[in-house]
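Overview (structure and organization)
Listed below are the residues making up each chain.
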Amino acid sequence: MAYMSMGEAHRRITDYLNRFSDAVSSQDVASLKQLLSFSSNSPSLLSLADSLNVFQDANRLIKQSDNYSPFADITVPLFRSLQHYRTGNLVDAYLAFEKSANAFIQEFRNWESAWALEALYVIAYEIRVLAERADRELASNGKSPEKLKAAGSFLMKVFGVLAGKGSKRVGALYLTCQLFKIYFKLGTVHLCRSVIRSIETARIFDFEEFPKRDKVTYMYYTGRLEVFNENFPAADQKLSYALINCNPRSEANIRMILKYLIPVKLSIGILPKDWLLEKYNLVEYSNIVQALRRGDLRLLRHALEEHEDQFLRSGVYLVLEKLELQVYQRLFKKIYIIQKQKDPSKAHQMKLDVIVKALKWLEMDMDVDEVECIVAILIHKNLVKGYFAHKSKVVVLSKQDPFPKLNGKPVNS
Amino acid sequence: MEIETKVAIGDPKIDLFEDDDEFEEFQINQEWDEKEEGKEIAQQWEDDWDDDDVNDDFSLQLRRELENNSEKSQVYAPLFFLLLRLILLFVRQSLDGIMLYCFSAIVENSW
């Protein structure tokens with residue numbers, strides 16, 4: 001590291017402080033943002049950190065100047081945080097940054113217009129990212145990680161500042177998305193509920209007013225919550241919105257949306273084209289789609305086994321497993337069509353033994369009673385229209401539309 | 001609209017860095033025009049795949065399975081094999097008898 005003189009260090013520090021007060025007085029958010037973005041690792045911030053180590057009396061400098069002292073509550077802890085950040089001491093960096101951010105919020109509240117909103121976004125992002133790194137540090141030292149949780153509480157406070165009638169309210173959705181990311185990371189998704197309720201029911205918010213990028217992110221996370229809760233029509237609507245409105249160049253984000261949207265679409269009887277699976281590398285779904293198309297229960301079972309870990313991690317395993325009923329329906333339909341070609345007059349009377357044979361071929365050993373159970377379930381869920389002639393072990397299918405399509409609705413629960 | 005979460009997601013401490021699918025941040029102020037691509041992606045779904053076509057490999061194999069193991073042979077096949085076994089047994093015993101007769105004739109004649 002090149003030697004920095006005391007004079008040079010002093011100059012860099014006053015340079016920063018000047019830029020800070022100038023940015024505020026001229027409401028220049030573009031400049032202000034850059035002064036706060038630690039994770040950008042910009043050369044100027046890094047050299048500022050070095051300067052603070054050389055010239056160690058920055059606090060006095062700040063407090064003794066009329067230009068700098070108004071923002072002392074922000075800049076003093078900010079400088080401390082930057083030094084800790086530079087030396088890799090993330091827990092202390094987080095604590096100091098949170099203190100600085102708190103002071104910033106107080107000032108932000110007093111500024112009438114929303115000119116500094118983008119700087120607030122930067123602060124929200126930095127809080128989350130610093131907290132994540134602080135928790136990693138705690139965990140690696142065998143301590144209990146709790147900074148990300150603290151960041152969540154802090155950002156809820158910031159959300160409250162934005163949830164008012166003024167022009168600052170368009171920032172609320174960005175804050176919401178940062179909170180979603182925290183809650184999902186911590187696995188405390190039930191905490192999403194209250195902020196969702198605010199966004200969707202408070203009269204001060206008009207969803208259409210929010211910036212598109214925040215709406216896309218919001219719909220992605222709320223769509224995922226709908227998948228967890230198996231509300232497939234709602235999940236379809238939200239994830240489709242995110243998909244259609246997402247930046248087409250954000251391929252990673254599109255892939256994530258599809259990862260959750262595909263199981264939803266399958267559950268309402270809609271298949272993705274192979275092109276889509278290949279383009280976004282979602283080939284773990286290929287065999288599942290094929291199994292549905294064919295009515296191939298064996299293939300479905302293999303596909304679920306092969307990618308079990310992946311599906312469990314993303315939480316879609318149960319959704320995919322339940323596709324089994326639709327695969328049964330498709331298989332029965334094929335048996336029906338095959339028999340109809342042989343003997344049209346008898347096809348609507350399907351012997352359960354025939355189904356037993358077909359299942360045996362698919363390596364599923366079931367006796368006639370178990371098959372009767374399954375057919376009964378399909379009838380109950382309106383996947384098969386018919387009734388049993390129980391003694392003769394025959395299911396008598398409706399002559400009209402014996403295998404009703406889902407038509408975009410999930411299977412009756 | 002209230003969203004209830006029914007699925008618990010593990011112990012927070014252990015699952016600290018769960019969520020492989022964190023959405024990437026869009027740049028602040030980033031605008032984009034997605035109309036063309038949005039339309040293209042919306043056309044990648046099929047809802048009319050559930051047709052009556054049974055000419056694919058899977059369906060043809062299914063048809064063969066259903067025909068090969070047709071009901072009659074399930075009743076008659078065991079009977080058939082039983083009959084075959086009896087015949088073979090009879091033939092073997094008969095053969096043994098014939099062999100014995102021939103052998104003894106040869107022995108007799110050579111004396």
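Residues numbered from 1 in each chain as written. Chains lettered and ligands numbered in written order. Predicted model: local features only at pLDDT ≥ 70, side-chain atom pairs only at ≥ 80, totals over all residues. Heavy atoms only, no water.

Topic: the overall build of chain B
Check the secondary structure of chain B and you find three helices and one strand. Counting from the amino terminus, chain B carries its helices and strands in the arrangement α-β-α-α. Within chain B, buried positions represent 20% of all 111 residues. For chain B, the exposed surface amounts to about 8900 Å²; the carbon and sulfur share of it is 57%. (Helix = DSSP H or I, 4+ residues; strand = E, 2+ residues; numbered from the N terminus. Buried < 20%, exposed > 50% of the residue type's maximum accessible area, 1.4 Å probe, protein only. Areas by Shrake-Rupley, 256 points an atom, 1.4 Å probe, with all protein chains shown as cover.)

Considerations on the sheet that holds strand E3 (residues 386-389) of chain A
All names here are of chain A. Taken in spatial order, the three strands line up as E2-E4-E3 in an open sheet, and their pairing is antiparallel. Unpaired on one side and paired on the other, strand E2 (349-351) and E3 mark the two borders of the sheet. Direction aside, the axes of adjacent strands within the sheet are offset by 30 degrees on average. The sheet strands contacting helix H21 (residues 368-380) are E3 and strand E4 (394-397), and the helix crosses E3 at an angle near 155 degrees. (Pairing = 2+ DSSP bridges. Axes fitted to C-alpha atoms, helices over the stretch in contact; angles between N-to-C directions. Contact = heavy atoms within 4.5 Å.)

Digging into the pairing of E4(A)
Residues in a regular strand project their side chains so that they alternate between the two faces of the sheet. All names here are of chain A. Side chains Val394 and Val396 of E4 all project onto a buried face; the interleaved residues Val395 and Leu397 project onto the opposite face, where all are buried too. One ladder, built from three bridges, connects E2 with E4; its direction is antiparallel. Across the sheet, the residue bridging to Met350 is Val395, located in E4. Here E3 pairs with E4 via four bridges, running antiparallel. By the bridge assignment, Gly386 is partnered in E4 with Leu397. Between E3 and the antiparallel strand that follows it, E4, lie four residues; Lys393 among them carries a positive phi value of about 50 degrees.

Notes on the side chain of Thr75(A)
Residues and elements named next belong to chain A. Tracing the chain through its elements places Thr75 in helix H5 (residues 72-86). Given a relative accessible area of 1%, Thr75 falls into the buried group. Filtering out sequence-adjacent residues up to four positions away, Thr75 remains in contact with Leu17, Phe20 and Ile62.

Looking at the packing of aromatic side chains
Per the counting criterion, the structure on display carries 27 aromatic pairs over all chains. An angle of 25 degrees between the planes, with centres 6.5 Å apart, marks the rings of Phe104(A) and Phe108(A) as stacked. Taken as a pair, Phe104(A) and Phe108(A) lie in helix H6 (residues 90-110) at a separation of four residues, close to a single helical turn. Under the relative-accessibility criterion, Phe108(A) is labelled buried at 0%. Centre to centre, the rings of Phe159(A) and Phe205(A) are 6.3 Å apart; their planes meet at 50 degrees, and the pair counts as tilted. A residue pair is termed long-range when its members are at least 10 positions apart, and Phe159(A) in helix H8 (residues 147-162) and Phe205(A) in the loop between helix H10 (192-201) and helix H11 (212-228) qualify at 46 residues. Residue classification places Phe159(A) among the buried positions, given a relative accessible area of 5%. Taking NZ or CZ as reference, Lys168(A) lies 4.9 Å from the ring centre of Phe108(A), over its face. Between the NZ or CZ atom of Lys265(A) and the centre of the ring of Trp45(B), over which it lies, the distance is 5.2 Å. (Phe/Tyr/Trp six-rings, centres within 6.5 Å; stacked < 30°, edge-to-face > 60°. Lys NZ or Arg CZ within 6 Å of the ring centre and 35° of its normal.)

Considering the packing of H11(A) against helix H13 (residues 251-267) of chain A
Residue and element names in this part refer to chain A. With their axes 10 Å apart at the nearest point, H11 and H13 run at an angle of 30 degrees to one another. For the pair H11 and H13, the crossing hand works out as left-handed. Residues Tyr220, Arg224 and Val227 of H11 pack against Met256, Ile257, Tyr260 and Val264 of H13. (Left-handed = near helix turned anticlockwise from the far one by under 90°.)

Some points on the pattern of salt bridges
As enumerated under the stated definition, the model contains 33 salt bridges over all chains in all. We note a salt bridge from Arg128(A) to Glu25(B), for which the minimum N-O separation is 3.2 Å. Linking Arg128(A) in helix H7 (residues 117-140) with Glu25(B) in the segment before helix H1 (35-42), this pair reaches from one chain into another. Where Lys333(A) meets Asp50(B), a salt bridge forms, and the shortest distance between an N and an O atom there is 3.3 Å. Here Lys333(A), found in helix H19 (residues 324-342), pairs with Asp50(B), found in the loop between strand E1 (45-46) and helix H2 (57-68), and the two come from separate chains. Among the residues examined, Asp50(B) registers a relative accessible area of 8% and is labelled buried. The network of salt bridges with common partners includes Arg128(A), Glu132(A), Lys181(A), Lys185(A), Glu22(B) and Glu25(B). (Salt bridge = Lys/Arg side-chain N within 4 Å of Asp/Glu carboxyl O.)

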